[in-house]
Amino acid sequence: MMVFRSSAAICGALVAFAVSVTRSETGGVHSSAVVNAACGDAIVGAASMYNPFKPGKEEGGPNTASGERYDPSVWAAAIKMSLRQKFGGVQFGARPKYALVEAVGKKVIVKINDVGPLKPGRIIDLNERTMRHFDPSLQFGVISDVRVRPLAGDYWIPGPVG
């Protein structure tokens, strides 16, 4: 138990240091040092895109689980409901959590502000901007072999990494 606490404290300190260095030097573009400081095991699965405003979609409406309105223009995503606790709870009114998403040779930090009952095999639903980062033409529909890692701390700047 003590080993876990000390490794979590060290990881938190590394993340805080990396975030402060990255913000001051790059103005919002994350370096590989921040990615290397990410905490948590990677979850591997498929990603799809969601838009609660698209006619015929099953999503619950324009508000996310955190209480924010869905915004297709920000770097955000919904995590699978069964992964909610791994990503800090994602609760109404609570500060959103962040994750590193890696796929097709690209990396992006996203705000996890929603949860959903995703289809089997899918671990994350990306909003439109985030999905376009990985699939500019939106032709894939579903991206397989996506790695998602929770990020410690509450003050990440979402966007592409590296």
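Residues numbered from 1 in each chain as written. Predicted model: local features only at pLDDT ≥ 70, side-chain atom pairs only at ≥ 80, totals over all residues. Heavy atoms only, no water.

### Describing the nonpolar core
Core analysis: the largest hydrophobic core is formed by 24 residues, its most contacted members being Ile79, Phe87, Val101, Ile112, Ile124 and Val148. Those elements giving two or more residues to this core turn out to be β1 (43-49), β2 (76-80), β3 (97-103), β4 (106-116), β5 (122-126), α3 (128-134) and β6 (142-151). Top contributing element to this core by residue count: β4, with four residues. Those residues in contact with phenylalanine 87 that sit more than four places away from it in its chain are Ile43, Ile79, Lys97, Ala99, Ile112, Val148, Arg149 and Pro150. By size, the runner-up hydrophobic cluster in this structure holds six residues, among which are Tyr98, Leu100, Leu151 and Val161. (Core = buried A, V, L, I, M, F, W, Y, C linked by side-chain atoms within 4.5 Å. Buried < 20%, exposed > 50% of the residue type's maximum accessible area, 1.4 Å probe, protein only. Helix = DSSP H or I, 4+ residues; strand = E, 2+ residues; numbered from the N terminus. Contact = heavy atoms within 4.5 Å.)

### Observations concerning the confidence of the model for the protein
Residues at a pLDDT of 70 or more form 69% of the protein, whose mean pLDDT is 75. Low pLDDT (under 50) marks residues 1-29, which in the prediction has 23 contacts with non-local residues, meaning those over four places away or in another chain. (pLDDT = per-residue confidence, 0-100.)

### Description of the pattern of salt bridges
Across all of its chains, the model carries three salt bridges by this definition. The closest approach of N and O atoms between glutamate 68 and lysine 111, which form a salt bridge, is 3.3 Å. In this pair, glutamate 68 is assigned in the loop between β1 and β2 and lysine 111 in strand β4, connecting sequence segments 43 residues apart. In this structure glutamate 68 comes out as partly exposed when scored by relative accessible area, which is 26%. (Salt bridge = Lys/Arg side-chain N within 4 Å of Asp/Glu carboxyl O.)

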